[in-house]
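Okay, here's what each chain looks like letter by letter:
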Amino acid sequence: MGEGRSGSGVLLRIRPNEDVCTAVEETCSEYGIEKAQVYGIGSIFEPSFEDGRRIPCLATEIAIENGRVEQVAGGPKATIDTAVVDVEGKTYHGRLKRGDNPVGVTFELVIVAGGVD
């Protein structure tokens, strides 16, 4: 991971093979962020959704449609709803499964503290 901080948020670049949700949670924990909105785009190898679907494509592009972090017992928890497009142009929507979404080339995010209602 690489990150920078200014004001009430964090700019985060997640490197290849790191899980998106885990990286967001670790960054929030490190900076003491308990609630946040998450925005970003990037690539994931064979994205996996919480509902059990897996997109069998190594070259996907992903946009976060609704990303948030909330404090739960044990620390920050990221919930990331996405739009995914595969190499054939087919679009999928779903919530990323925590621990099962390794970044492809890179994933860039902005974590904005607060703002979760």
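Everything below is about the structure printed above this text.
As the structure is a computational prediction, the values presented were derived from the model and not from experiment. (Residues numbered from 1 in each chain as written. Predicted model: local features only at pLDDT ≥ 70, side-chain atom pairs only at ≥ 80, totals over all residues. Heavy atoms only, no water.)

Enquirer: Teacher, can you tell me more about the overall build of the protein chain here?
Expert: Helix and strand content of the protein chain: one helix and seven strands. In the protein chain, the succession of helices and strands from N to C terminus is β-β-α-β-β-β-β-β. C-alpha extents for the protein chain along the principal axes are approximately 40 × 25 × 20 Å. Counting every position in the protein chain, which comprises 117 residues, the buried fraction comes to 44%. (Helix = DSSP H or I, 4+ residues; strand = E, 2+ residues; numbered from the N terminus. Buried < 20%, exposed > 50% of the residue type's maximum accessible area, 1.4 Å probe, protein only.)

Enquirer: Help me understand the nonpolar core, please; the structure alone is not making it clear to me.
Expert: Side chains that are nonpolar tend, in soluble globular proteins, to be buried together. Of all hydrophobic cores here, the largest spans 27 residues; its most connected members are Ile-14, Val-20, Val-24, Ile-80, Phe-107, Leu-109 and Ile-111. For this core, the secondary-structure elements that each account for two or more residues are β2 (9–14), α1 (20–31), β3 (36–44), β4 (61–72), β5 (75–85) and β7 (103–113). Ranked by residue count, the leading element in this core is α1, at five residues. Residues in contact with Ile-14, not counting those within four places in the same chain, are Val-20, Ala-23, Val-103, Thr-106, Phe-107 and Leu-109. (Core = buried A, V, L, I, M, F, W, Y, C linked by side-chain atoms within 4.5 Å. Contact = heavy atoms within 4.5 Å.)

Enquirer: Would you take a moment to explain the pattern of salt bridges for this structure?
Expert: Pairs can form between side chains of opposite charge once their charged atoms are near each other. The full count for this structure, using the stated rule, is four salt bridges. One salt bridge connects Asp-100 with Arg-54, and the closest N-O pair in it is separated by 2.5 Å. Within this pair, whereas Asp-100 is found in the loop between β6 (91–95) and β7, its partner Arg-54 is found in the loop between β3 and β4, the two being separated by 46 residues in sequence. Its relative accessible area of 22% is what places Asp-100 among the partly exposed residues. In this structure, the salt-bridge partner of Asp-81 is Arg-95, at a minimum N-O distance of 2.7 Å. Note that Asp-81 is positioned in strand β5 and Arg-95 in strand β6, a separation of 14 residues in sequence. Using a relative accessible area of 29% as the deciding quantity, one classes Arg-95 as partly exposed. (Salt bridge = Lys/Arg side-chain N within 4 Å of Asp/Glu carboxyl O.)

Enquirer: Before we go on, may I ask you to explain α1 in this structure?
Expert: Every α-helical turn comprises 3.6 residues, leaving residues that sit three or four positions apart pointing alike. In a regular helix each residue adds 1.5 Å, so twelve residues correspond to 16 Å; α1 covers 17 Å between its end C-alpha atoms and thus fits that length. Regarding α1, the residues found buried are Val-20, Cys-21, Thr-22, Ala-23, Val-24, Glu-25, Thr-27 and Cys-28. For α1, the N-terminal capping position is held by Asp-19, with its side-chain oxygen 3.4 Å away from the main-chain nitrogen of Cys-21. (Expected span 1.5 Å × (residues − 1). Polar contact = N/O pair within 3.5 Å; in protein donor to acceptor, adjacent residues only side chain to side chain.)

Enquirer: What is the right way to read unusual backbone geometry from this model?
Expert: Unlike most non-glycine residues, Asn-17 shows phi in positive territory, near 75 degrees. Looking at the secondary structure, you find Asn-17 in the loop between β2 and α1. Exposure remark for Asn-17: the relative accessible area of 59% places this residue in the exposed category. Residue Glu-46 is not a glycine yet carries a positive backbone phi of 45 degrees. Mapped onto the elements, Glu-46 comes out in the loop between β3 and β4.

Enquirer: Whenever I open this one, the pairing of β5 confuses me. Can you help?
Expert: Strand residues, when the strand is regular, have side chains that alternate between the two faces of the sheet. Buried residues dominate β5, accounting for nine of its eleven residues. Pairing geometry for β4 and β5, over eleven bridges, is antiparallel. Across the sheet, the residue bridging to Ile-64 is Thr-82, located in β5. Between the antiparallel neighbours β4 and β5 lie two residues, among them Gly-74 with a positive phi of about 100 degrees. Across five bridges, β5 lies against β6 in antiparallel orientation. The residue of β6 that forms the bridge with Val-84 is Tyr-92. (Pairing = 2+ DSSP bridges.)

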